[in-house]
Amino acid sequence: MDRQTPTAAGATPAIAQWFAAKAQQPSALVFFRMGDFYELFFTDAETASEALGIALTFRGEHQSQPIPMCGVPVHSHEAYLARLIRRGFRVALCEQTETPEEAKARRATTLNREIVRIVTPGTATEEALLDAARPAWLLALVEGGAAWIDVTTGLFHTQAGAEPAALIARLAPAEILADERLRIEGAIPALPPRDAGPRLAAALGAASLEGFGQFSPPEIAAAAMAVEYVRSVNNGALPRLAPPVAEGARGVLLLDAATRRSLDILEGPRGASLLAAVDRTLTGAGARELAARLASPLDDLAAIRARHEAVAVLREDRTRRSALRAALKGAPDMARALARISLERFFPRDLGAIRDGLQRAAKLAEALAGATPALLAEAVAPLTAAPDAAAELLRALAAELPARLDDGGIAAPGYDGQLDALRRLRDDARGAIAAMQVDLAQAWGVAALKIRHHQQLGYLAEVPAAAGEKLLREAPAKAVGDLTPIHRQSMASAHRFTCAALAALDRRLSEAGDQAAKRERLVIAHLRRLILADAEPIAAAAREMAALDVLAGSAELATEGAWCRPELTERPDFAIEAGRHPVVEAALRRARGPQFVPNDCDLSPGHRLCLLTGPNMAGKSTWLRQNALMVILAQAGMFLPAAAARIGLVDRLFSRVGAADDLAGGRSTFMVEMTETAAILNQAGPRSLVVLDEVGRGTATWDGLAIATAVLEALHDRIRARTLFATHFHELTALSDKLPELRLAAMQVREWRGEVVFLHSVAAGAAEKSWGVHVAKLAGVPAPVLKRAASVLASLEARAAAGADPLAAEMPLFARAPTPPGDPLLDALAKLDPDALSPREAQEALYHLKALAAGREAL
Ligand code: ADP
Ligand code: MG
């Protein structure tokens, strides 16, 4: 049960603060800082304790009820945050904004606290909260436009007239903001700011948007909404953002949500996706770029050919490819480090990532020397565009960097003279402590004396209890002047003392340490400014590295067995020789099962449509999908798992599977199929490729057959799209007489000693017969049922052979099997009139029916 959070009335001061914070961020879990813990209260505590599997306790009372509470230690809170963020929660960090001394000075009973940040799935930048291989899109949707930002890399895109579902399917956003009026499920309701244009321009550091290109008002509204949200969760701060890129609907291959679902492009069952099968990248940024290319292939011949050209050269030139991949392997994620640095939420290793990343970029530029393909030659300049920052970081940063900025030791010795001097002073003082330990041990006559550092008390001389007692009673003669012991603390086994000399040394040491730390912070701030001044070239170098990782990875993939460079044309060609399904092939190889059987596919003009028949499990879906994936791979700029391929550029790719019920969506199979089919008929054109896998399965035979026929006719006559259509409606094969561009193909199956053997090869013509009965046997359907099915099938086949037109009104294959004449059970049942029976007669009738049934079973 969901308990209501009570009101603030009568709360203690701290709890009243909590109520105030919660009121500011009602949809976030409030991490309420109390000393070394972040505490959660009330319903937040209940939610978090369940989500994190941590104990729920109670603390004090509020309105006479115990207050539910749970907490996580500050030092390890990131791991808990990561789990909450991954589950879609938003977390408001409510920090102590003053020290206890400051609170005391203003006579406050409790420390001041404020929400300093809201951590959300689409705005977090911490490594622990991110997936290195995936972008973390924050998508903002308004009526007629969309914008999406990856705060972790600064990438920023907009699109006018975007279809929300298609965009959500393409981007798989970490977080969605949507205008309330759009009613997008799971989205955070938001409204675009009123002065969207000026606000967006200001966020980009410009006076107006003019210099950035053409944006429609809805794009600007969505972009401003996204930016304002990022600002609001970061307490007003904005990370560095790249100039937004307006994505027209032109230039990219359009894939709708249903197509993406059916093709397992980025995600698939048990991790078996296209992405996983073809990913040979070596860096997180490269993996993200590859995912982006597969999610959004191009429809632009020149751009695609440029990618193919680079892959072709890198495939042949092994030396260059190895040099590139050696420079990429282990390269840091500069884009994400840059985002953290710009938000002032970074660690020393982020500075190191920029330093090392720029070194790697320079290595890549070297490895590209003399390369001719445009994409390779043009990468050289951006890879080396920040030489000064690269050189200075190399000088400035220590080889080994500490974990935290406060740890010190980030700046390399020799970089900053003042820092070096302060560090020397501090280190001298450290040596002086060691000397003082010897002096004090002698003066106080305690050989076991140790000088130790304590968090609150500073440096103290610690002596064993007995020696301490003695010192307290009477100090030795030599323990005078500034060596006179001053007692500070007694414990069971030891006493702690200081003396004027030690206290002075302690002060000197902590002053030197403070000053060194202060100076080091200045050095760090300088390095941060240095990096941000070159943010654009650094980000550009990072993008080139990611792109090179994808190209070199694609070339690497293309050396593994038979992968070909596709020939792309502007005609409606489609001819694949010996094509393979990369995901199924990889799965078969892993399982050390039979080899994948390559198949051709030809939808060139004259036979644009192909109708594929064949029994279940013969490989129909595999063949259909592998050909759809060819388009995605080719237009993403990759090579194809085939011996040869000629593909006319596809503007829209549609793939549909006659699906199981979309139970979660609450729609019947038929509704889903028809909605998705309608989308094809309304949007596909002569440059599209349509793949329909057993569509019409979700309804009664007659409807399904009729609809499948009408759809095929429309695709053939009106839409003229290249089409692959798999069906179990044998009757459809008769359509090949009426539709001249429709060719028939069938999955080859052999019978061997009464068993079906799937050959997985595609041949011209229709399947000779339906093998459903054989497949049913494979699946373990009981023998009597199989026997009956076989006899029905035989009689149906006989009638078809006698010349009955399968598309005529009488459709033998699906006619109901005739009731055997004179079944005594059915006769008896028919004779019964339930309304006319007394209870006793009804019971007798039941016994009678049971007896008849038992007799029949015995037959
Ligand atoms: P259908 O759609 O006809 O029921 P599928 O395409 O789902 O058949 O294929 C069933 C199984 O057959 C696949 O999971 C795969 O293991 C195997 N298979 C399909 N095509 C091939 C092929 N070309 N070579 C080898 N095995 C294949
Ligand atoms: Mg299938």
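Just so we're clear, the structure is a prediction, and the values are computed from it rather than from any experiment. (Residues numbered from 1 in each chain as written. Chains lettered and ligands numbered in written order. Predicted model: local features only at pLDDT ≥ 70, side-chain atom pairs only at ≥ 80, totals over all residues. Heavy atoms only, no water.)

### Regarding the overall build of the chain
Within the chain, the regular secondary structure consists of 29 helices and 27 strands. Taking 859 residues into account, the globule formula puts the C-alpha radius of gyration at 29 Å, and the chain, at 37 Å, lies well above it. Over its C-alpha atoms, taken along the principal directions, the chain stretches across nearly 125 × 90 × 60 Å. A burial count over the chain gives 48% of its 859 residues as buried. Taking the contacts inside the chain whose residues are at least 6 apart along the sequence as the reference set, 68% of them involve residues at least 24 apart. Across the chain, the centroid of the 96 positively charged side chains sits 4 Å from that of the 101 negatively charged ones. (Helix = DSSP H or I, 4+ residues; strand = E, 2+ residues; numbered from the N terminus. Rg over C-alpha atoms; globule rule 2.2 N^0.38 Å. Buried < 20%, exposed > 50% of the residue type's maximum accessible area, 1.4 Å probe, protein only. Contact = heavy atoms within 4.5 Å. Lys, Arg positive; Asp, Glu negative; His and termini not counted. Charge placed at Lys NZ, Arg CZ, Asp CG, Glu CD.)

### Remarks on the nonpolar core
Counting 112 residues, the largest nonpolar core has Val278, Leu294, Ile354, Leu383 and Leu653 as the members making the most contacts within it. No other element matches helix 21 (residues 535-558), which puts 13 residues into this core. Those residues in contact with Leu294 that lie beyond four places of it in its chain are Ile265, Leu266, Leu274, Leu275, Val278, Ile632, Leu633, Ala636 and Met638. Counting 46 residues, the second-largest nonpolar core is a separate cluster that includes Ala147, Leu204, Met225 and Val230. (Core = buried A, V, L, I, M, F, W, Y, C linked by side-chain atoms within 4.5 Å.)

### Here we look at empty space enclosed by the protein
This model, assessed by the stated rule, comprises one cavity of 30 Å³ or more. Taken as a whole, the largest cavity holds about 30 Å³ of empty space. For the largest cavity, the full set of lining residues is Ser262, Ser621, Leu624, Arg625, Ser655, Arg656, Val657, Val691 and Asp693. A per-class count over the lining of the largest cavity returns three nonpolar, three polar and three charged. (1 Å grid on protein atoms, 1.4 Å probe; cavity = no way out; pocket = protein on both sides within 12 Å on 5 of 7 lines; lining within 4 Å. Points joined across faces, edges and corners; volume = space filled by probe spheres on them. Nonpolar A, V, L, I, M, F, W, Y, C, P; charged D, E, K, R; others polar.)

### Side note on the site of ligand 1
Ligand 1 sits among 14 residues. The nearest are Val597, Met617, Lys620, Ser621 and Thr622. Gly619 has a polar backbone atom sitting 3.0 Å from an oxygen atom of ligand 1. One of the backbone N or O atoms of Lys620 is found 2.8 Å from an oxygen atom in ligand 1. For ligand 1, the accessible surface in isolation is 560 Å², of which the surrounding protein chains cover 80%. Residue contributions to the shell around ligand 1 peak at three residues, all from helix 23 (residues 620-636). (Near = heavy atom within 4 Å. Polar contact = N/O pair within 3.5 Å; in protein donor to acceptor, adjacent residues only side chain to side chain. Areas by Shrake-Rupley, 256 points an atom, 1.4 Å probe, with all protein chains shown as cover.)

### Structural notes on the confidence of the model for the chain
Model confidence for the chain is summarised by a mean pLDDT of 89, while 92% of its residues fall at 70 or above. Low pLDDT, under 50, characterises residues 661-666; the stretch is placed with four contacts to residues that sit more than four places away or in other chains. Every residue in residues 805-820 scores below 50 in pLDDT, and together they form 21 contacts with partners more than four places removed in sequence or on other chains. (pLDDT = per-residue confidence, 0-100.)

### Some points on the pairing of strand 5 (residues 91-96)
A large share of strand 5 lies buried, amounting to five of its six residues. The pairing of strand 1 (residues 29-34) with strand 5 spans four bridges and is parallel. The partner of Val30 across the bridge, within strand 5, is Ala92. Note: strand 5 against strand 6 (residues 113-119), six bridges, orientation antiparallel. Pairing of Cys94 across the sheet is with Ile115, part of strand 6. (Pairing = 2+ DSSP bridges.)

### A word on the packing of helix 11 (residues 301-316) against helix 21
Helix 21 packs onto helix 11 with a crossing angle of 60 degrees between their chain directions and a minimal axis gap of 8 Å. When the interaxial angle is binned, helix 11 and helix 21 end up oblique. The two elements helix 11 and helix 21 meet at a crossing, and its hand is right-handed. Where helix 11 approaches helix 21, its residues Arg307, Ala310, Val311, Leu314 and Arg315 are matched on the opposing element by Leu551, Ala552, Ser554, Ala555 and Ala558. (Axes fitted to C-alpha atoms, helices over the stretch in contact; angles between N-to-C directions. Parallel < 35°, antiparallel > 145°, perpendicular 65-115°, else oblique. Left-handed = near helix turned anticlockwise from the far one by under 90°.)

### Details of the pairing of strand 14 (residues 450-454)
Both strand 14 and strand 15 (residues 458-464) contribute to a ladder of five bridges, which runs antiparallel. When the sheet's bridge partners are listed, Arg452 is paired in strand 15 with Leu460. Taking the residues that link successive antiparallel strands as the turn, the strand 14-strand 15 hairpin has three residues.

### What about the sheet that holds strand 10 (residues 175-179)?
Spatial strand order, 11-10-7-8-9-12: six strands in an open sheet with mixed pairing. Of all strands in the sheet, those bounded by a partner on one side alone are strand 11 (188-190) and strand 12 (245-246). Relative to strand 12, strand 9 (residues 155-160) runs parallel, the two being bridged by two bridges. Bridged to His157 within strand 12 is Val245. Contacting strand 7 (137-142), strand 8 (145-150), strand 9 and strand 10, helix 5 (residues 164-171) crosses the sheet at an angle of about 175 degrees to strand 7.

### A short note on the side chain of Glu98
If you trace the backbone, Glu98 turns up in the loop between strand 5 and helix 4 (100-105). Looking at Glu98, the relative accessible area reads 13%, which means it is buried. A polar contact of 2.6 Å, which involves the side chain of Glu98, links it to the side chain of Arg106. A polar side-chain atom of Glu98 sits 2.7 Å from the main-chain amide nitrogen of Asn112.

### Considering the pattern of salt bridges
Taken as a whole, this structure holds 41 salt bridges when the rule is applied. Measuring nitrogen to oxygen at the nearest pair gives 3.1 Å for the salt bridge that ties Arg565 to Glu309. Taken together, the residues span a long stretch of sequence, with Arg565 in the loop between helix 21 and strand 18 (567-569) and Glu309 in helix 11 at a distance of 256 residues. The residue Glu585 makes a salt bridge to Arg580 at a minimum N-O spacing of 2.7 Å. In this pair, the class of Glu585 matches that of Arg580, namely buried. (Salt bridge = Lys/Arg side-chain N within 4 Å of Asp/Glu carboxyl O.)

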